[in-house]
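Below are the chains, spelled out letter by letter.
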Amino acid sequence: MFSVCISVFRAVNRGHSARPILKMTLQSGAEMCVKHNSSTTANRNRLNWGLSPDEIKSRTEELIQRIKQAYDNVGAVDTDKASYESTLKPLADAEVGYSVERNILDFPQYVSPCKAVREASAEADKKLSDFDVEMSMREDVFQKIVALQEKCNIGDLRPEAKQFMERLVQLGKRNGLHLSKEIQQEIKSLKKQICELSIDFNKNLNEENTSLIFTKQELGGLAESFVGGLEKTEDDKYRVTLQYPHYYPLMKRCYVPETRRKMEAAFQSRCKEENTKILEQLIPLRAKVAKLLGFSTHADYVLEMNIAKNTKNVTTFLDELYEKLRLLGEQERSYILELKMKECAERGFEFDGKINGWDMAYYMNKVEELKYSVDKDKLVEHFPLEVVTEGLLSIYQDLLGLSFQQVANPHVWHEGVSLYSVKDTVTGEEIGQFYLDLHPREGKYGHAACFGLQPGCLMPEGGRMLSVAAMVANFTKPTADRPSLLQHDEVETYFHEFGHVMHEICSKTDFAKFSGTRVETDFVEVPSQMLENWVWEKEPLRRMSRHYKDGSPIPDDLLENLIASRVANTGLLNLRQIVLSKVDQSVHTKSCADTAQEYAKYCDEILGIPATPGTNMTASFSHLAGGYDGQYYGYLWSEVFSMDIFFSRFKKEGIMNPKVGMEYRNVILKRGGSVDGMDMLKTFLGRKPNQTAFFLCKGLTCNEQQQDNSH
C-alpha cells in the first residue's frame, strides 16, 4: 500500500500516507521524550525530525501563511496578464515547498515514539487538510488558470507544463469552481468535514492497543520461540496484542478454535464503535459532494480520474473475475471443510459443519503444509530480516542500475530507523534517499506502507530535489536468542512496499504534482505488485535467504514446494479481495450504509464464509479513510497490468536482465504521473495490456476475447 493524503497538493502522503521527538528508555526503565540532534545528511534531504509539539504547531501556522500568500499573489494577477510565470510557476513552486514541509509536520503522527508529538502532528494534519480545502476552492486562482489556458499557445509550454495546467483546470472543476458561490461553499464545508473525519479514523487505528490474555494451553500449536517472545503476566499467562507479528502467527498456527475465535473477534472489532460511526458519517458526506458536482455516486466521482473511468467498468471486471473464481473457491472450501472435520475428530473438538472466519487462515495454512509440503517452521528460519534486506537491496540495485549505501549516524525519528543513499551506477549521481522503519512499537502506523516525503521534481531555485521516501512496516522484533525472522508472505510484503519506494526514488518529473506514486489509483500498485514476482523465483529466493544459525541455503525440495504453493488458496484469497472491493464499491454508490451489514452480505455471497458475529471489519479497513475510497478494486485491476509486465518482458527476457530493468525504470518508474498509466504500459509492452498472465498465474484459463482486451 502506498499512503494517500487528501490534499490539494499531494496525492500521496505516505501516505497515506516526521518526526521529532524520540522516545528512549533510560537505564532506570523510565521513558522520556528527547530531541534528536544529528544533522540532516547532505543539504538536499530537507526533512527535520526534531520538532517539538509546540514547534509543529507554530510551523504549521507559518506554512499556512506562506502558501496563502503565494495563492493571493496569483489571485491578484490581472486576468488579461495571466502567464506561465505569473500563474503556473508560482503555484508549482509553492507546491514543492509545501509538500516537503507538510510531510515534516504530519508524518510524525504515524511513526513518532512520543505521543505528544503524534497528537500535535495529527492536529497539524487537520489544520493543513482544512487549509488544503480552502486553497483548492480559490475561484480567483482558478479563473487565472482558465484564462491562461484559453489564450496561451500550447506549443510554447513544455508537455508536462501543459499537463500541469490541464490538471489544475480539471481539479478546479472537480471542486465545483465553475458552479455557483452557494454550491462552492457547501462543497467546501463538506470536504472539510470529510478531511477531519478521515484523520480521526486513522488516528484511532494507530493508537489502538488491545491485547488478550491466554494460558499456555490456549496457545497450543504455536512455536516455542513465538510463545517465549510474548509478555508474561503475573499469573503465568501470556499477553497477545492485535499487531500483525502476533495476530497472523496465532491465526495460522494455533489449533485451539476458541483461542482463534477470541482473537478474530477482537481483531475485527478494532475501533468498532468510534470508527463505524465515522465511516457511516463519511459515506453520506462523500455522496453529497458527488451529487453537487453532477456525479451519480461518490465512486463515479473518484473513478473519473482513474483508468477504469466509471463504476460500470469496475463492476464488470469484478463480476467476471468472480465467475472465473467461483468454482475454484467452492473446491477449496470443500477441501478445507474436510481438513477441519478430520482434525476435530483427531483432537476431540466439536465439528460445527462450517468454515468460520477464525478458521480461514488456520486451514489455508494447513493446505500449504499438507498439499504442498511447505514446512513453515523450517522455512522461516531461512529468512532472517537482515539477510532478506541484504538480498532485496542487492536485487533492486542490480535490476534498476542503482547503488545503495547506508548512511552513518542518520537524522531519524527513532533509533531503530535506518537511512540509505541511492545513486545511479552510471553517473554516480545521488538521486534519492530512503528510510526503513521495520518493527512495531506503541502508537506506530500498524500496517506496511511507503510514505513519499520529498518529491523528485525541479526546485524553484533551479536543480532537482532529492527524492526521499520511507518504508514503514511491522515485522517481528528480534529476541535474545533469535533474530527477526520473516514468514514468506512478509518477504513478499517487503518486496511490495519497497517497490513503492523505488517508484518514489526513481521518479524524475518537472512538477511535484506528478512525482513518484502520484499516478492513477488503479495504476499505483502496478510497480510494487510486479516486483512481488521475484519472491516466487528460485534465483532471487536464493539471494535473499540463509539459515539464521549456520548460513545454509533453503533445501531444494522445500524451495520447489514453496514456489509450487503460489497457487495454493488462490480462489479464496482472490474472492476475499473481491469481497473488499465490492464492499467499497457498494457503500460508495449509496447515500448511506450499514457497513457491518454490507461486509457480512458479501462475505456470505462471494466468499462463502460468514463474517464473525458482532464484529465490523470495515471499522479497521483503513483504505476507506486513507485515499482508496471507491478504489480498492485497484489492487486486482493493477495486478492485470503487473502480471502482464512480468511475464511478457522479465520472465521472457530474464528476471535479472539489467537491460529490461533499466527500460522499466525509465518507462514506468521515472515518469511518475507525468504520463498516463495506460500509455506507459503500451510503450513498455509494445502493445495494449491483456489479462492472459493475470489468469494463468491464478491457475485459470483466459479466452481469446479476454486476451485481446485489458479490462
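This text follows the structure it describes.
All of these numbers come straight from a predicted model, not from anything done at the bench.

Examining the packing of aromatic side chains
- Overall, the coordinates contain 37 aromatic pairs when judged by the stated rule.
- Pairing Phe646 with Phe647 gives two aromatic rings, centres 5.0 Å apart and planes at 85 degrees, and the pair type is edge-to-face.
- Judged by relative accessible area, Phe647 falls into the partly exposed class, the value being 27%.
- Seen in terms of ring centroids, Tyr664 and Phe684 are 5.8 Å apart; in terms of plane orientation they differ by 70 degrees. Their pairing is edge-to-face. Here Phe684 lies in helix H25 (residues 677-685) and Tyr664 lies in helix H24 (residues 658-669), a separation of 20 residues in the sequence.
- Residue Phe684 is classed as buried on the basis of its relative accessible area, which comes to 1%.
- An aromatic cluster of three or more residues is present, and its members are Trp49, Phe107, Tyr110, Trp413, Tyr435, Tyr445 and Phe451.
- Its end group placed over the ring of Phe695, Lys324 keeps NZ or CZ at 5.2 Å from the ring centre.
- Over the face of the ring belonging to Phe684 we find Arg649, whose NZ or CZ atom lies 4.6 Å from the ring centre.

Describing the sheet that holds strand S4 (residues 231-232)
- In space, the 3 strands of this open sheet follow the order S3-S5-S4, with antiparallel pairing throughout. Looking along the sheet, the strands with just one partner apiece sit at the ends: strand S3 (211-214) and S4.
- As defined by bridge partners, S4 adjoins strand S5 (residues 238-241) across 2 bridges and the pair is classed as antiparallel. By the bridge assignment for S5, Glu231 is matched with Arg239.
- Packed on one face of the sheet, helix H9 (residues 244-253) meets S3 and S5 and runs near 105 degrees to S5.
- Relative to S3, helix H10 (residues 257-267) is tilted by about 170 degrees, and along the sheet it contacts S3 and S5.

Reading the values: rules and limits
- Residues numbered from 1 in each chain as written.
- Predicted model: local features only at pLDDT ≥ 70, side-chain atom pairs only at ≥ 80, totals over all residues.
- Heavy atoms only, no water.
- Phe/Tyr/Trp six-rings, centres within 6.5 Å; stacked < 30°, edge-to-face > 60°.
- Buried < 20%, exposed > 50% of the residue type's maximum accessible area, 1.4 Å probe, protein only.
- Helix = DSSP H or I, 4+ residues; strand = E, 2+ residues; numbered from the N terminus.
- Lys NZ or Arg CZ within 6 Å of the ring centre and 35° of its normal.
- Pairing = 2+ DSSP bridges.
- Contact = heavy atoms within 4.5 Å.
- Axes fitted to C-alpha atoms, helices over the stretch in contact; angles between N-to-C directions.

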